[in-house]
Amino acid sequence: MGFLDVILGRSKPVRPDLDQLFALPSAAVTLRAGAGFTPTGLGSVCFASVEGGAFDRIRRDVGELLDADTERGGVPVEFSRDTYGYTWLLARRPLDDTAVLVNDLHAVNTLLQEGGFGPQLLCSLMGFRDEERRPLALVYLYKRGTFYPFAPVADGGGADAAGKRDNELELQVRALLADDLRIEEDLGRWFPVWGAPGL
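Report on the accompanying structure. (Residues numbered from 1 in each chain as written. Predicted model: local features only at pLDDT ≥ 70, side-chain atom pairs only at ≥ 80, totals over all residues. Heavy atoms only, no water.)

This part is about the pairing of strand β6 (residues 146-150). With five of five residues buried, β6 is to be regarded as a mostly interior element. Neither face of β6 is left uncovered, since the one carrying T146, Y148 and F150 and the one carrying F147 and P149 both have all their residues buried. As paired elements, strand β5 (residues 135-141) and β6 share five bridges and run antiparallel to each other. Bridge pairing links Y140 to F147 in β6. In this antiparallel pair of consecutive strands, β5 and β6, the connection spans four residues, and G145 shows a positive phi of 70°. (Buried < 20%, exposed > 50% of the residue type's maximum accessible area, 1.4 Å probe, protein only. Helix = DSSP H or I, 4+ residues; strand = E, 2+ residues; numbered from the N terminus. Pairing = 2+ DSSP bridges.)

Spelled out as structure tokens, the structure:
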């Protein structure tokens, strides 16, 4: 980091550490014990789409890798595009297979990164619910190497269209998981992921 960066308040970006994802199973145990939230078996990766054969090949490879168990009853991954034009990959695993879900998310991120598409990676998330069916996601920011909780206020069967968040729950989860995950300190970077697959 240079002298001008210090004067202008620019900080050196944190190098992404995809191995941070492997802390999620431990965080899930803490979250269940401390707040009553259990994994939904759903996780997703969000990335900016790129046109071209190389990216299409990586996307096919990701699908083939994660769909390898569909003949044994596994659920195929789903690709979708949100209203902002970002692509989401949704992986589904049994509720008690948190480690396998995390391996899937790690594999997707790694394949995209090693294929030269690291700059297109935005975030990964893992979904949770409590006994009241309140949704919660632990979101991993690829470019920051940090996590944050996102808790949309449920409206019937899904996230509230008005875009309300349960900030109190998010702060509670931040405190609860401080020893399990590298939590994003800048609350301004706790971006809402309304309607994200897996939430």
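This part covers the pattern of salt bridges. All told, the structure shown has eight salt bridges when counted by the stated rule. As a salt-bridge pair, R134 and D166 come within 3.7 Å of each other at their nearest N and O atoms. With R134 in the loop between β4 (121-129) and β5 and D166 in the loop between β8 (158-159) and α5 (167-176), this residue pair connects regions lying 32 residues apart in the sequence. In this structure R134 comes out as partly exposed when scored by relative accessible area, which is 29%. Salt-bridge contacts for D186 lead to R189; the nearest nitrogen and oxygen are separated by 3.6 Å. Judged by relative accessible area, D186 falls into the partly exposed class, the value being 36%. For R189, a relative accessible area of 31% gives the class partly exposed. Here the salt bridges share partners, and the residues they tie into one network are D130, E132, R134 and D166. (Salt bridge = Lys/Arg side-chain N within 4 Å of Asp/Glu carboxyl O.)

The values reported here are purely geometric and, on their own, carry no functional implication.
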